[in-house]
Amino acid sequence: MQGRLSAWLVKHELVHRSLGFDYQGVETLQIKPEDWHSIAVIFYVYGYNYLRSQCGYDVAPGGLLASVYHLTRIEYGVDQPEEVCIKVFTSRGNPRIPSVFWVWKSADFQERESYDMLGIFYDNHPRLKRILMPESWIGWPLRKDYIAPNFYEIQDAH
């Protein structure tokens, strides 16, 4: 089922894929990594002025990685703001997605966490470095194919 925002994107010939609605009725869209930055700017201009959250996940062992954005359209006098969920999938071999830091500053630490835990590189992010793990950490702990080092290896590292 196509939502209102998906219909608007089709009308303006913007490439995307509708993934339906979540349990709260929030429309979910899939955007290709190469289209994400320009569509993010369009969403901002269209009124989605608040990035509520960004997270990442590993779709399947050896499969795609995903970066998920929850955008909200905040307007004065509106009790129930419009929301949309955007999913951007990328390959595990070269996980690169354009950063939206320059559109929504709140993406800063959230994209850094997705980089730190999953190894998704956010192009043009001003400070893309580990935020939770030590800089010397090897690997991406939230990937489903990650092999955790044993306790003694971690202990000896410090």
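Structure's up top.
For every chain, the first residue of its written sequence is number 1, and the numbers climb from 1 along that sequence. Where local features are concerned, this predicted model is filtered to residues with pLDDT of at least 70; where side-chain atom pairs are given and counted, the filter is 80 or more; whole-chain, interface and lining totals use all residues. Calculation of side-chain values draws on the structure's entire complement of heavy atoms; hydrogens and water are dropped beforehand.

Some words on unusual backbone geometry
Positive phi is not limited to glycine here, since E13 has a value of about 55°. By the secondary structure assignment, E13 is in the loop between α1 (4-11) and β1 (17-21). Its identity is not glycine, yet N124 carries a phi of approximately 70°, on the positive side. We count a stretch as a helix when DSSP gives it H or I for four or more residues in a row; a strand needs E for two or more, and each element gets its number in order from the N terminus. By the element assignment, N124 lies in the loop between β7 (121-123) and α4 (151-156). Summary of the burial criterion: residues with accessible area below 20% of their type's maximum are buried, those above 50% are exposed, and those between are partly exposed, where the area comes from a 1.4 Å probe applied to protein chains only. Owing to a relative accessible area of 63%, N124 belongs among the exposed residues under this scheme.

Some points on the packing of aromatic side chains
Centres within 6.5 Å make a pair out of two Phe, Tyr or Trp rings, where for Trp the six-membered ring is used; the pair is then stacked when the planes are under 30 degrees apart, edge-to-face when over 60, and tilted otherwise. In this structure the tally under the stated criterion is 10 aromatic pairs. For the ring pair W8 and Y46, a centre distance of 4.5 Å and an interplane angle of 35° mean the geometry is tilted. Remark: Y46 occurs in helix α2 (residues 33-46) and W8 occurs in helix α1; sequence separation between them is 38 residues. Aromatic ring contacts, followed pair by pair, group W8, F43, Y46 and Y48 into a single cluster. In our convention, an over-ring charge means Lys NZ or Arg CZ found within 6 Å of a ring centre and within 35 degrees of that ring's normal. Note that R73 overlies the ring of Y48, its terminal NZ or CZ placed 6.0 Å from the centroid. The ring centre of F109 lies 5.3 Å from the NZ or CZ of R112, which sits over that ring.

Topic: the sheet that holds strand β2 (residues 27-30)
Strand order in this open sheet of five strands is β1-β2-β5-β4-β3, and the pairing throughout is mixed. Lying at the two open borders of the sheet, with one neighbouring strand each, are β1 and β3 (50-58). Averaged over all pairs of adjacent strands, the angle between strand axes in this sheet comes to 20°, irrespective of strand direction. A strand pair is defined by DSSP finding two or more bridges across the two strands. Both β3 and strand β4 (residues 65-73) contribute to a ladder of eight bridges, which runs antiparallel. Note on β4: the bridge partner recorded for G56 is S67. Helix-sheet contacts for α1 involve β1, β2, β4 and β5 (82-90), and the interaxial angle to β2 is about 35°. In the packing of helix α3 (residues 107-118) onto the sheet, contacts are made with β3 and β4, and the angle to β3 comes to roughly 0°. Where helices are involved, their axes are fitted lines through C-alpha atoms of the stretch in contact, as for all axes, and angles between N-to-C directions lie from 0 to 180°. We call two residues contacting when some pair of their heavy atoms lies within 4.5 Å.

Keep in mind these values describe shape, not function.
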